Every structure is written in C-alpha cells, then in structure tokens.
Amino acid sequence: MQRSHSFTRTKSWFASIDPLDLQIAKISSGVVMLAGILVLIGWFLDLAVLKSVIPGSATMKANTALCFILAGISLNLQTRQQRMLTTRIAKGCAIAVSMIGLTTLSQYIFGWNLGIDEVLIRDLVAPIASDPGRMGINTAINFGLVGLGLWLANHQHLQPQRQRKYQIYLSNRIAIGQTLALVAGFIALQAAIGYIYNVRVFYQFSINTTAMAFETAVVFIVLCAGILALKSDLGWMRAITSDLIGGDVARRFIPIAILVPVVLGWLILRGYQANLYDANFAFSLMALLLVATLFGLIELNAGILNRVDYDRIRSSDRIRLSEERLQLALEGGNQGIWCLDIQTQLLTWDARCQALFGLSPDLQLTYAERLEIIHPDDRDRVSETMSIAIRECGEFVKEYRTIHPDDTICWVLSQGRGYYNAAGEPDRLLGTMMNITERKQAEADLEQRNQDLDAFVHIVAHDLKAPLRGISNLSQWIEDDLEGVLTIDTRPQMVLLRSRVRRMEATIDGLLNYARIGHVDTQIEPVFVTELLAETIDSIDPPPTFSIVIDPDLPVFHTKWLCLSQVFTNLISNGIKHHHRLDGSIYISATKRDDFYEFIVADDGPGIDPEQHEKIFEIFQAVNPQNRSDSTGIGLAIVKKIIEAEGGKIWLKSQLGEGTKFYFTLPILVNN
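Residues numbered from 1 in each chain as written. Predicted model: local features only at pLDDT ≥ 70, side-chain atom pairs only at ≥ 80, totals over all residues. Heavy atoms only, no water.

### Here's the deal with the side chain of Ser284
Locating Ser284 in the fold gives a position in helix α11 (residues 279-331). When its relative accessible area of 8% is taken as the criterion, Ser284 is described as buried. Leave out the neighbours within four places in its chain, and Ser284 touches Thr490, Gln493 and Met494. (Helix = DSSP H or I, 4+ residues; strand = E, 2+ residues; numbered from the N terminus. Buried < 20%, exposed > 50% of the residue type's maximum accessible area, 1.4 Å probe, protein only. Contact = heavy atoms within 4.5 Å.)

### Observations concerning the pattern of salt bridges
Following the criterion strictly, the structure yields 13 salt bridges and no others. One salt bridge in this structure joins Arg439 and Glu399, with 2.3 Å as the shortest N-O distance. Taken together, the positions of Arg439 in helix α15 (residues 437-481) and Glu399 in strand β4 (residues 395-403) put the pair 40 residues apart, joining distant regions of the chain. Exposure remark for Glu399: the relative accessible area of 23% places this residue in the partly exposed category. With a closest N to O distance of 3.5 Å, Glu598 and Arg593 form a salt bridge. (Salt bridge = Lys/Arg side-chain N within 4 Å of Asp/Glu carboxyl O.)

### Description of the sheet that holds strand β10 (residues 585-593)
Taken in spatial order, the 5 strands make up an open sheet running β8-β10-β11-β13-β12, and their pairing is mixed. Strand pairing shows two members of the sheet lacking a second neighbour, β8 (547-550) and β12 (650-654), which therefore form its edges. Each neighbouring strand pair of the sheet contributes to a mean axis angle of 20°, computed without reference to strand direction. Here 4 bridges tie β8 to β10, and the two strands are oriented parallel to one another. The residue of β10 that forms the bridge with Ile550 is Ile588. The strands that helix α18 (residues 561-577) touches are β8, β10, β11 (596-603) and β13 (660-667); relative to β13, the one it contacts most, it runs at about 180°. (Pairing = 2+ DSSP bridges. Axes fitted to C-alpha atoms, helices over the stretch in contact; angles between N-to-C directions.)

### Comments concerning the packing of aromatic side chains
Taken as a whole and judged by the stated rule, the model has 14 aromatic pairs. Aromatic side chains Phe143 and Phe220 sit 4.8 Å apart centroid to centroid with 55° between the ring planes, which places their arrangement in the tilted category. Of this pair, Phe143 sits in helix α5 (residues 137-153) while Phe220 sits in helix α8 (residues 214-230), placing them 77 residues apart in sequence. Phe143 sits in the buried class, given a relative accessible area of 0%. Classification of Phe220 as buried rests on a relative accessible area of 0%. Between Trp651 and Tyr663 the ring centres are 5.4 Å apart and the planes differ by 0°, which places this aromatic pair in the stacked class. Taken together, the residues Trp651 in strand β12 and Tyr663 in strand β13 connect sequence positions 12 residues apart. (Phe/Tyr/Trp six-rings, centres within 6.5 Å; stacked < 30°, edge-to-face > 60°.)

Read these as geometric descriptors, not functional statements.
Structure follows, in structure tokens:
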C-alpha cells in the first residue's frame with residue numbers, strides 16, 4: 001500500500017504504521033485460515049479432535065469455519081499492496097462473512113430456517129434442542145461485526161490523500177471498523193472466560209441457541225487482533241501504537257488489564273472449588289488483589305511521570321543556561337552590532353554580526369539585499385517591524401531565521417531603535433544581533449515534553465480511574481448479591497475496600513492536578529478575594545456547625561484567579577477535614593507587605609507537631625494519616641507547588657492542641 005507523506009509523520013501524534021503491526025495482521029490471517037481449514041477437514045473426515053478442542057463441548061460449525069477462511073483471505077489480501085482485483089476479492093469476502101452472520105442472526109430473531117446451516121455438511125452430533133449445523137447467536141453477531149469491520153478497512157485511494165477532508169473521512173472510517181472489531185473481540189473474550197470459569201451463559205445465551213465453541217472464541221480473538229493491527233496508523237489505534245508516552249503506557253497496561261483479572265480470578269476460583277476457603281474470602285481476596293495490582297500500576301505511572309517531569313526540568317535548565325550565556329555575551333560585548341543608514345539604505349555591521357548570516361566581514365549589503373537572506377516566512381514581518389521603527393524612531397526587537405549560503409538555518413535575535421537627525425528626519429537604525437539557535441531548540445524540546453506529559457495525563461485519567469470505578473461497583477454488587485451470606489466481619493471489609501478505592505481515585509486526581517501545575521496558561525486578572533472566597537466556600541459546602549470568618553478588608557489585586565482558588569480550596573478543606581470538632585472555626589485574613597500580599601488561614605483544630613511542619617508539604621505526606629483514611633497527602637504539595645510557581649512561599653505556625661496558622665505570599669502583579 002502506497003502511503004501519502006501526510007500520513008507518515010512519525011514525530012507527531014499520528015503514528016506511522018509499524019511493519020511489526022503489518023506482520024501481526026499477516027500472521028493473524030494465516031492462523032484464522034488454517035483454523036478454518038482444519039475444522040472443515042475434521043467435519044469431512046469426521047475427526048472429533050478437529051471439530052472441538054475440548055472433548056464433549058460445543059463444536060465449531062462447518063459454516064463457522066468457512067466464514068473464518070473468508071475473513072482470513074480478506075485480512076491477508078489487505079496486508080498486500082492494493083490492486084483492483086485484490087481489493088475487490090477482499091471486499092467480497094468481507095461482505096460474504098457479514099451476510100452469513102447477519103442471515104444466521106435473522107434466523108434466530110424471526111424463527112426462520114433458510115437452509116444455510118448444513119449447506120456444506122450435515123451436523124449429526126448437534127443437541128436435539130439446537131438447530132443442526134447452525135452457529136451460535138454470539139458467533140453470528142461477531143461475523144456480522146468483523147465482516148463489516150474488514151469492509152471498512154478495505155478502501156481504495158480514489159482521492160488524493162493530501163486533501164484534509166479525505167484524511168478525516170478515512171480516519172473515521174477506519175475508527176468505526178476498529179470499534180466493531182473491538183466489540184467482536186470482547187464478545188469472544190467473554191465466551192473464552194465462560195469456558196475458563198465454567199459460566200455457560202457467557203458462551204451460550206440460552207438452551208435454545210447454539211454455544212460458541214472455545215476454539216471459535218480463540219480464533220475470533222486472533223482475527224480481531226489482526227484487524228486492529230491492519231491499519232494501526234489510523235483511527236483510534238494510532239494512540240496505542242504511537243511512539244509517545246500515551247502509546248507506550250497503553251501497550252504496557254492493556255495486556256495487564258486483560259490477563260491479570262482473568263488469571264487471578266481463575267486461581268482464586270480453583271482455590272474455592274478445592275474448599276480452601278469460602279465464598280466471602282474468595283471475593284474479598286479477588287478485590288484486594290485487584291486493588292494491589294492497581295496500586296502497582298499507579299506506582300509505575302508515577303515513576304513514568306517523574307521521568308517526564310525530570311526531562312522537562314532538564315529542558316528548563318537548558319533554557320536557563322542559554323539565557324545565562326546570552327547575558328555573559330552582552331556583558332562581554334560579544335554581540336554583533338549593525339547600523340542601517342536610512343538615507344543610503346546601506347547596512348554596516350561587524351564581523352560577529354556578519355558571521356550570523358554566514359557572510360564574509362568585508363561584504364557590504366543594502367537593506368533590500370539583507371532582507372533576501374532572511375527566511376521567506378519571516379521576511380515580511382521583519383520588514384514591517386523595521387519600517388515601523390524607522391518611521392516612528394521606536395524600539396525594534398525581533399527574532400527571525402537567517403539562511404546561510406550553505407542553506408544552514410540560524411535563529412537570531414535582533415534589537416535596536418531608530419534615531420532622528422538634526423532636521424528631525426529618520427536618520428539611522430542602530431542595533432545588536434545575537435545567535436539564539438540553541439535557545440530555540442531548547443524551547444522546542446520543552447514544548448514537546450509538555451505535550452508528552454499532557455498526553456500521558458489523559459491516558460492515566462482514562463485507563464486507571466475506570467477500573468477503580470469497576471472495583472467499587474463490583475464490591476457493591478457482591479455485597480448486594482450476598483446479602484444473607486456475608487458475615488459480620490466481611491461487611492466492614494467490603495466497606496473498607498470501597499473507601500480504599502475512593503482514596504486511590506483521589507490520589508490519581510491529586511497526581512494529575514500536581515502534574516498540570518505550570519503547564520496550563522492561566523489569565524492574570526483583577527481578583528476580588530472576598531468574592532473568590534465566597535465561591536470557594538460555597539463549593540466546599542462546610543458543615544452548618546462549622547464557622548468560617550473572613551476579614552472584611554481582603555484586597556483586590558491582579559493575580560491568577562484559578563491558582564488562588566485552588567490554594568484556598570485545599571487549605572480550607574484541610575482545616576475542616578482534620579478538625580477534631582464539628583463546631584470548629586477558620587479565620588482568613590491578608591496583609592500587604594511591600595510588593596506582595598501575605599495571607600493567613602488559621603484554624604482552632606488539634607494542631608500539628610512542629611517536627612511535621614516541613615514534611616507535610618511533601619507529596620503523599622498526610623497530616624494525620626492514622627485518623628483519616630480518605631487523606632491522599634497531595635493537597636498541601638499542590639498548594640506549595642502553585643504558590644512557588646507564582647513566585648511566593650508558604651509556611652505554617654502550629655503546636656499540638658493550639659490550632660494551625662498557614663501563611664502564604666503572592667506577588668502583586670501589574671496588569672499589562
């Protein structure tokens with residue numbers, strides 16, 4: 001398949017298709033076709049071992065095997081270079097698979113018998129209650145889905161792929177096909193798990209329908225994996241196959257998310273069936289092991305996040321180092337100096353300035369000739385800025401790219417101002433120039449790191465919180481289903497389990513908020529602190545008996561509304577959460593100190609041991625972890641990071657039994 005250049009952007013979020021993924025699709029097609037052929041041989045030669053892997057269980061029907069052969073052919077042809085004939089054959093096979101599945105499904109729905117079930121061979125071993133030779137209803141649904149998915153994946157390049165509308169259409173088409181394959185894969189996985197756990201309804205919906213054979217479920221999983229790998233550079237699969245952090249995390253955790261619950265559940269079920277423990281212990285053990293697994297995933301993700309943040313800090317250090325070098329260059333007179341005579345349009349400059357353009361020091365240029373060696377994309381804006389500086393004799397500061405004679409591109413910072421002559425007419429433009437290529441590269445690296453971090457944050461939010469909600473719901477369902485079976489000791493364990501899940505969700509939210517600090521541009525605006533506190537307290541919804549007193553003389557100053565709201569939300573919430581009485585009180589005030597405001601959030605709670613004053617601002621260090629199971633230990637770390645990012649600082653004064661006073665400062669910003 002010929003790939004347009006617009007689809008091979010390996011350094012963007014769109015991943016180019018990996019040859020390994022294409023190889024997976026080819027292998028999958030071969031396995032599917034081989035399985036279908038072996039089963040057909042088993043039917044024609046009446047070999048039970050080829051018709052059913054598990055003796056005495058459901059068999060893979062002959063028409064099922066035929067559909068697998070057709071699906072394998074369609075998938076295999078799509079892994080090759082697209083030609084008119086192969087495209088039509090692949091599409092025809094996909095349509096045939098879908099039609100067989102949907103026709104069989106219609107027989108179940110309307111009670112028809114269209115005579116298609118035993119076209120190839122008669123089924124003499126089918127149960128009396130079932131229709132001989134007919135594939136299961138779940139098998140029919142799956143063939144309808146994968147046939148349509150293969151048809152959607154099969155497309156011809158009838159329009160130039162450079163057209164953005166066609167790119168969007170193609171990506172959406174592939175995404176729909178991948179979604180259908182994923183649904184079919186989950187249905188097959190459900191049937192396989194049904195055999196592993198001996199849950200009949202998972203692979204046979206009712207006694208009046210045919211069961212999906214175990215080998216059928218396995219072949220479906222292989223087929224769906226091949227369809228997903230076929231166009232992994234398009235649709236939503238591109239996020240999983242991407243070389244960025246999101247793709248790496250997804251590839252790590254998807255196998256864990258599938259295999260760990262299945263294996264753990266099977267082992268625990270075996271122990272229960274061996275009478276090693278009762279049902280309550282089995283369910284509790286399953287839930288606790290899943291919680292432990294998710295804790296491990298959180299720890300692993302925290303490590304990845306820390307590495308990304310470390311790389312971001314290193315990039316920031318590179319920028320700072322570059323700025324220090326620039327300052328040294330200014331102090332040592334290591335900048336290039338240039339002067340433009342407005343009357344003659346002649347440009348004079350020193351050797352260092354000439355070197356920035358890759359020209360010899362003795363070469364003289366006019367203003368128009370100088371513009372020609374500026375990058376074409378920057379030429380107009382540089383010309384416009386310099387024209388304004390000449391006309392108004394104002395400041396001139398511009399960053400732009402220059403093109404050397406050897407086609408090397410160099411970033412320069414040019415700054416200066418215009419001057420009038422004695423007659424009051426524009427006379428000359430005088431300025432300096434320096435090389436800022438390294439700084440630009442560092443900024444580009446930092447921007448890429450921040451984009452990687454944002455992509456990772458979204459993956460964490462989606463892939464870690466969803467299983468937690470599932471565990472919480474599962475524990476509640478277990479408790480409801482075993483209403484009369486759970487012991488007095490087991491009920492608190494289930495409640496404790498759900499509280500631990502909620503705490504882990506809060507930990508994830510805290511980690512994400514902690515990671516986002518400094519990565520989101522927030523507008524500086526005039527903030528009425530009294531109004532901000534009123535909205536904050538209303539959102540916290542403190543107990544009616546709890547008193548929060550606000551000093552009437554709180555300031556109005558320019559700052560970031562969202563950041564200040566987050567700080568007050570965490571401090572007030574902590575004061576309420578860790579208070580030992582329901583009728584406690586919090587007092588909030590502020591004092592102007594030179595060019596910053598000092599805020600105080602004081603409470604009459606139990607106080608904090610002085611030995612803990614520094615420790616509580618560290619991440620995962622709760623104030624009273626032994627008294628609060630819902631404390632994540634991230635809130636104060638978030639507060640500290642926000643305040644320090646805005647140029648302030650935070651500290652506290654407290655003794656045990658004497659309440660706590662949190663002090664923090666924020667600079668008074670000037671609105672530009």
